Amino acid sequence: MKRSVPGIAAASLSALALGGAILAAPMAQAADYPARPVQIIVPYNAGGGTDLTARVLAKVLEKYLGGTVVVRNQPGGGGSIGTSAILHAKPDGYTIGTGSQGPLAMLPHYGGIDYSLKDAAFLALIGRNQMALGVGKAAPFSDAKGFLAYAKAHPGELTVGNSGAGGANHIATEGFATAAGVKLKSMPFGGAIAAITACLGGHINAVVAHPAELINHVKAGSIKVVMVMEDKRIAEFPDAPTAKEVGVDFTWAAWKGLVAPKGLPPEVEAKLTAALDKAMHDPEYVKKMADMGENMDYRPAAQFKALAERDSEIAEKVIRSLGMYGMNVNKKK
Amino acid sequence: MEQLSYVLAALSPNVLWVTALGTLGGIVIGALPGLTATMGVALLVPMTFGMEPVNGLSMLIGIFVGGIYGGCISSILIKTPGTPASAATVLDGYPMAQNGQAGKALGMATIASAAGGLFSSVVLATVAPQLASVALKFGPAEYFALALFGLTIIASLSGDIVKGVIAGMLGVLLSCVGADPITGASRYTFGVTGFAAGFAFTPALIGLFAVSEVFVQLEKIFEDKVKPVSVSGVWPSWSELRECWGTLLRGSIIGTFIGIVPGVGSGTASWISYNEARRASRTPEKFGTGYMPGVAATESANNAVCGGALVPLLALGVPGDVVTAVLMGGLMIHGLAPGPLLFRDNPGVVVGLFTSSFTANIFMFVFGMAGIPYFSKILLIPKKVLTVCIALFCFIGSYAINMNSVDLYTMLGFGVVGYGMQKYNFSQAALCIALILGPMAEANLRLGLLNVDGDLVAFCSGPITLFFLALTPVSLAWPMIQNRRAKKKALARQNSEVS
């Protein structure tokens, strides 16, 4: 019985926490931060990858922050609803959240979103999901060079599946194609699993997905990873060259980090980033992330900010070239 | 011998205990509107971190099986589908309960769920690797043909064909709200971010079936006549069972097949099974009035999906539905790679999963049968009080899914639409089917045409596509033929009586 109501319980708890927040706000001083529970908003469903990471992090962060840290899920709108809540919260350090590439660096370019990357204060990058190009057994090529040669010879014919229109994998595919000077046919599926399944069944030639999603099929020999969009080769697929190695200057990965609304008191921001720095090196946290198959990549605030801005810029170019820029702007406003 | 030792390991008290616990938890989760099997499994995956793989996975399978079954309880008793999988059970289950056969309806649903679950477990344990390849044969064109075939159910479910088509069209239209599947652009959201992913499905279903019923009940809330509802009798009679035997088998086969095809899911399976049961029946007019085979058809199919969906997951590493996708996460956390290598590297885990799939269904049957007399006591609550409670449940359930207040408006909106449909005899089932299959048809039609550059001949040329496309007009015409036959029979009877 108890298990069936955690969602509701969490909601009422966080409502309580919020209520408490409003009452205590004027009294809280930056010096005695955190005087009450710190809330991490996760803009995705409970049980997903980001949520699980945030929950593990919350536990570890309590140790270094010296206060309670709770996770609250606010899913919907591809993450934009929760992200908007984070960036529009009172900048007192009691409401922070996970900031992911999609809602931060991509969604604002489509329009219809009430925030932009500029509204975010960056705390720490916590992980990156790398991008790999997998090809099916039936595809008429079996390495990155062959892939590029085929794409050049057959412009717009080579089908590459992604996890959804306008998502990170779609942008990665199109960004790569632009950098390589080829034309690919992007096929948006309802999720990475559906795209990989279509590739397994030979309905499409290739698929762009994260290593964790592909590795079992690679081990089973049904999909071959021919390229990764990283600076260096990755441990999962040591034989797959980077895009740079085959002459295409392009790197891309989906990332997540911790962000807060802009305008945090400097002492609070310093406390948060220091605690995060310790948490990221905590052996318990590192082990749990490894067990979960998460690709940890801790970067301090400044580097996180630089990465987010770089990706937002690239995404904007790709989205403009796809004719998707501002497509969701509410014209009436 | 090695295999047997794995089976025995999966039958150890430790494993049985967590499987039973999972199944019981699953039944509760399924019965509560707004908590689905997917959420149950997702929330418990982290709990299995510290367990032995077979223990943890057995618990998750228990939740899966129990969760899909549990949905029928609230469908039958209070017309509130606990999970989308059991929306079709409302059609005959709720009228049965209103006719004083709540116990029997739940009894049949339990028997059917166990039958479907056990059937698909047998399939899973015997021919999983052979059948799994079917899962990969489905590309966009095949999915589109299957969805189109599924949409023809509307013709036979909705008495008045014109009104059925109107309801179906409305459903397809409503399913267009949200992100365009190919371009990602927001459609018909009017700038409301909460609608960016379309109407949330469970709140829409709760509104369509439960809230509309609350409105209907409110009309007569002051008529103080409390109908004594009988809840006695749990086991269907032998003659009733014999009547349902064929339906159970058909439902189990349909459910298992749909389960194997990735991404289709138990909602679709139960509707198709319901329609096929009706088509094969000698008394199709009885469906929808509280007819036991109607319950048998839907519940056998949706629970057969559980075993079916595990087939491609274990054999290919491709999850068959949303729940198994979460389950795959659970497997990988334990360092197990679902797919052909799992059979080679971890046969103990595979056999353990097969075994737990059986035991979970047996537990589900025992708990279900034992619990029915208590579940059905809900109906002894005075209607006035019950109606208010249901209304409250609708709100909590719709909100709990995403914690998004926009979903409450979705629920109320669909409630008003459902109420109007009920008043003017439009089929709510038709709208529900269109909501499930409309997006599947649209996304796959466009994706498939994109793949072949709009070449219709190439699009339709696959054998599976052709098969379902050929069945579609047959399925459309069948209810009309059935109608005409029934009329002829009635006419003949009249004539013979006259002469």
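Residues numbered from 1 in each chain as written. Chains lettered and ligands numbered in written order. Predicted model: local features only at pLDDT ≥ 70, side-chain atom pairs only at ≥ 80, totals over all residues.

Points about the overall build of chain A
Stage number 1. The helix and strand inventory of chain A stands at eleven helices and eleven strands.
Stage number 2. Residues classed as buried in chain A amount to 54% of the 333 residues present.
Stage number 3. Long-range pairs, those at least 24 residues apart, make up 73% of the contacts in chain A between residues at least 6 apart in sequence. (Helix = DSSP H or I, 4+ residues; strand = E, 2+ residues; numbered from the N terminus. Buried ≥ 20, exposed ≤ 12 C-beta atoms within 10 Å, placed from the backbone. Contact = placed C-beta atoms within 7 Å.)

Brief notes about the sheet that holds strand β8 (residues 206-209) of chain A
All names here are of chain A.
Stage number 1. Strand order in this open sheet of five strands is β7-β6-β8-β5-β9, and the pairing throughout is mixed. With one partner strand each, in any of the chains shown, β7 (185-188) and β9 (223-228) form the two edges of the open sheet. Across the sheet, the mean angle from the axis of one strand to that of its neighbour is 30°, orientation sign disregarded.
Stage number 2. One ladder, built from five bridges, connects strand β5 (residues 132-136) with β9; its direction is antiparallel. Across the sheet, residue L133 finds its bridge partner in β9, namely M227.
Stage number 3. Strand contacts of helix α8 (residues 211-220): β5, β8 and β9, with the helix running at about 140° to β9, the strand carrying the most contacts. (Pairing = 2+ DSSP bridges. Axes fitted to C-alpha atoms, helices over the stretch in contact; angles between N-to-C directions.)

Digging into helix α5 (residues 90-137) of chain B
Stage number 1. The end-to-end C-alpha separation of α5 of chain B is 33 Å, well short of the 70 Å expected for 48 residues at 1.5 Å each.
Stage number 2. Of all the bends in α5 of chain B, the greatest, near 135°, is centred on G100 of chain B. (Expected span 1.5 Å × (residues − 1). Bend = angle between axes of the 7 residues up to and from the residue.)

Some details on unusual backbone geometry
Stage number 1. A cis amide bond links Y33 of chain A to the next residue, P34 of chain A, at an omega of -5°.
Stage number 2. Secondary-structure assignment places P34 of chain A in the loop between α1 (6-24) and β1 (38-42).
Stage number 3. Backbone geometry at Y188 of chain B places phi at a positive 50°, although glycine is not the residue there.
Stage number 4. By the element assignment, Y188 of chain B lies in the loop between β2 (186-187) and α9 (201-219).
Stage number 5. Residue classification places Y188 of chain B among the exposed residues on the basis of 12 C-beta atoms within 10 Å.
Stage number 6. In the Ramachandran plot, N425 of chain B falls in the positive-phi region, its phi being about 60° despite a non-glycine side chain.
Stage number 7. Position of N425 of chain B among the secondary structure elements: in the loop between α17 (406-423) and α18 (428-451).

With respect to the interface of chain B and chain A
Stage number 1. The interface is formed by 50 residues belonging to chain B together with 43 residues belonging to chain A.
Stage number 2. Only α2 (13-31), α3 (37-44), α5, α13 (322-333), α14 (340-345), α16 (383-402) and α18 of chain B provide two or more residues apiece to the side of chain B that touches chain A.
Stage number 3. Class assignment for the residues of the side of chain B that touches chain A results in 35 nonpolar, 14 polar and one charged. (Nonpolar A, V, L, I, M, F, W, Y, C, P; charged D, E, K, R; others polar.)

Points about the domain arrangement of chain A
All names here are of chain A.
Stage number 1. As assigned here, chain A comprises domain 1 (2-129 + 254-321) and domain 2 (132-246).
Stage number 2. Placing a centre on the C-alpha atoms of domain 1 and another on those of domain 2 gives a separation of 30 Å.
Stage number 3. Listed by partner, the interface residues are eleven residues for domain 1 and nine residues for domain 2.
Stage number 4. Of all the secondary structure elements, the ones that give two or more residues to the side of domain 1 that touches domain 2 are α4 (101-110) and α11 (301-321).
Stage number 5. Classifying every residue of the side of domain 1 that touches domain 2 by side-chain character gives six nonpolar, five polar and no charged. (Domains from an automatic or database assignment.)

As for the packing of α9 of chain B against α18 of chain B
All names here are of chain B.
Stage number 1. Viewed as axis vectors pointing N to C, α9 and α18 meet at an angle of 170°, and their least axial separation amounts to 10 Å. Relative to α18, the element α9 is oriented roughly antiparallel. Residues A204, L205, L208 and F209 of α9 pack against Q428, L431, C432 and L435 of α18.
Stage number 2. By residue class, the composition of the contact of α9 with α18 is seven nonpolar, one polar and no charged. (Parallel < 35°, antiparallel > 145°, perpendicular 65-115°, else oblique.)

Some words on the pairing of β8 of chain A
Residues and elements named next belong to chain A.
Stage number 1. The two faces of β8 match: A206 and V208 on one face and V207 and A209 on the other face are all buried.
Stage number 2. Sheet topology note: the β5/β8 ladder contains four bridges and is antiparallel. Considered in β8, the bridge of V135 is made with A206.
Stage number 3. Of the pairings in the sheet, the one linking strand β6 (residues 159-162) to β8 comprises two bridges and is parallel in character. Along β8, the bridge assignment pairs G161 with V207.

Looking at the nonpolar core
Stage number 1. If you look at the biggest cluster of nonpolar residues, it comprises 268 residues, and the most contacted ones within it are L123 of chain A together with V41, L60, F64, I76 and I433 of chain B.
Stage number 2. Looking at this core element by element, the count peaks at 21 residues for α5 of chain B.
Stage number 3. Counting contributing residues, this core receives three or more from each of domain 1 (2-129 + 254-321) and domain 2 (132-246) of chain A. (Core = buried A, V, L, I, M, F, W, Y, C linked by C-beta atoms within 7 Å.)

Remarks on the sheet that holds strand β3 (residues 95-100) of chain A
Residues and elements named next belong to chain A.
Stage number 1. Strands sit in the order β2-β1-β3-β10-β4-β11 across an open sheet of six strands; the sheet is mixed. Both edges of this open sheet fall to β2 (69-73) and β11 (296-300), since each of them pairs with a single strand only. When the angles between neighbouring strand axes are averaged without regard to direction, this sheet yields 25°.
Stage number 2. Note that β3 and strand β10 (residues 253-261) share four bridges and pair antiparallel. Note on β10: the bridge partner recorded for G99 is G257.
Stage number 3. Its contacts with the sheet place helix α2 (residues 49-65) against β1, β2, β3, β4 (120-130) and β10, and it is angled at close to 160° to β2.

Quick look at the packing of helix α11 (residues 266-280) of chain B against helix α12 (residues 292-316) of chain B
Residue and element names in this part refer to chain B.
Stage number 1. At a minimum axis separation of 8 Å, α11 and α12 run at an interaxial angle of 145°. Crossing of α11 against α12: the hand is right-handed. Contacts between α11 and α12 involve S266, A269, S270, S273, Y274 and A277 from the former and P293, G294, A297, T298, S300, A301, N302 and V305 from the latter.
Stage number 2. Among the residues forming the contact of α11 with α12, the class breakdown is seven nonpolar, seven polar and no charged. (Left-handed = near helix turned anticlockwise from the far one by under 90°.)

Re the pairing of β10 of chain A
A regular strand places its side chains on the two faces of the sheet in alternate fashion.
Residue and element names in this part refer to chain A.
Stage number 1. Counting buried positions along β10 yields nine of nine residues, so the element is predominantly enclosed.
Stage number 2. In terms of strand pairing, β4 meets β10 through nine bridges, oriented antiparallel. Following the sheet pairing, L125 is matched in β10 by G257.

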